[in-house]
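Survey of secondary and tertiary structure
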Amino acid sequence: MNKPYYLAYEDRYRRVFEAGIELWGHSPDDETLVRTLAEWVEENDLAGKTVVEFACGEGAAGVILSKLGVRYRGFDIAPSAIEKARERLRDFPDARVERLDMVKERAGLPETFDAALDCMGFHMILTDADRDAYLANANTVLKPGAPMLFFRESYRDNAYTGVVESFDHWKEITGDDYTTPQLRSYRDGADGKEVWIPCVPARARNREGYCTEMERAGFAVEKFMGMEESSAILYSVSIYVRKR
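Here's what I pulled together on the structure shown here.

What counts as what
Position numbers for residues count from 1 along each chain, tracking the sequence in the order it is written. Only residues with pLDDT of 70 or above have their local features reported here, since the model is predicted, and side-chain atom pairs are shown and tallied only from 80 upward, although totals for entire chains, interfaces and linings are computed over all residues. In computing side-chain properties, one takes all heavy atoms of the structure into account and sets aside hydrogens as well as water. A 1.4 Å probe rolled over the protein chains alone gives each residue an accessible area, and that area as a share of the maximum for its type sets the label: buried under 20%, exposed over 50%, partly exposed in between. Strands are runs of DSSP state E lasting at least 2 residues, helices are runs of H or I lasting at least 4, and numbering of each runs from the N terminus. In this description, contact between two residues means that some pair of their heavy atoms is separated by no more than 4.5 Å. Any two strands between which DSSP finds at least two bridges are classified as paired. Geometry is summarised by axes, namely lines fitted to C-alpha atoms with helices restricted to the contacting stretch, and by angles between N-to-C directions that run from 0 to 180 degrees.

**Details of helix H7 (residues 207–216)**
Listed as buried for H7 are Gly209, Tyr210, Cys211, Glu213 and Met214. Of the surrounding elements, those touching the buried residues of H7 are helix H5 (128–140), strand E5 (147–154), strand E8 (219–226) and strand E9 (236–243). Two residues or fewer past H7, glycine 218 is found with a positive phi of approximately 100°.

In structure tokens form, the structure reads like this:
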């Protein structure tokens, strides 16, 4: 594949928006996300500080964090999602959203941000090399001791524990691809809209797998929490880490 495999998200977003669906990812009204972010901001005294979100999608977490008083910076690789996020955040003068390949690029200079967030983004990166690069880039732009929250990441006790060298390798292991269409319903169910969208594989980890990756990148794992089942993902965890 000439383009990064994770750029398939752009095709997914375009199809969703063309179907007339305004919001596909998290909602700014997601009670669990709102509660989690409010507690995280308070516990880490982040009001008035700069928080970066990687794989920000349509900006739901950006709205929540902006209402909580942080200076928000969101990054995503999908132009269609960025456009929606900017529209959603236009009333918050301290919020900005830009395009970025989180695997190949850094979001700022070393020690730029006071905290970082990833909502269901990290598990979409499949290969070991890409995951390590993503975590290294995230760690580099955080100030010493800064917290990072990985929210609703795919989890399996029996997750594959070997090395994944490429997307083709992952496809051989799992059979997952980026082309097989699925008929999906709009998550809030309010208008009954459905859309055919391509599959987007996710790489689940078990507890040891996630903790090993985080610690190798220079993070200390402080809390590892199982999440309730949701329409977004069946089995997931939230991982609270801090830059060492």
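**As for the pairing of strand E4 (residues 115–119)**
With five of five residues buried, E4 lies mostly within the body of the structure. Neither face of E4 is exposed, since Ala115, Leu117 and Cys119 on one face and Ala116 and Asp118 on the opposite face are all buried. Relative to E4, strand E1 (residues 50–54) is paired through four bridges, and the arrangement is parallel. What sits directly across from phenylalanine 54, in E4, is aspartate 118. Summarising the sheet, E4 and E5 pair through four bridges and their orientation is parallel.

**Structural notes on the sheet that holds E1**
What holds strands together in a sheet is hydrogen bonding between their backbones, with the strands either parallel or antiparallel. Spatially, the seven strands line up as an open sheet ordered E3-E2-E1-E4-E5-E9-E8, and their pairing is mixed. Each having just a single partner strand, strand E3 (96–99) and E8 make up the two edges of the open sheet. The sheet shows a mean angle of 20° between the axes of neighbouring strands, taken without regard to direction. Where E1 meets strand E2 (residues 71–76), five bridges bridge the pair, whose relative direction is parallel. Counted as the bridge partner of valine 52 is arginine 73 from E2. H5 rests against E1, E4, E5, E8 and E9 of the sheet, and its axis sits at about 150° to E5.

In short, shape yes, function no, at least from these values alone.
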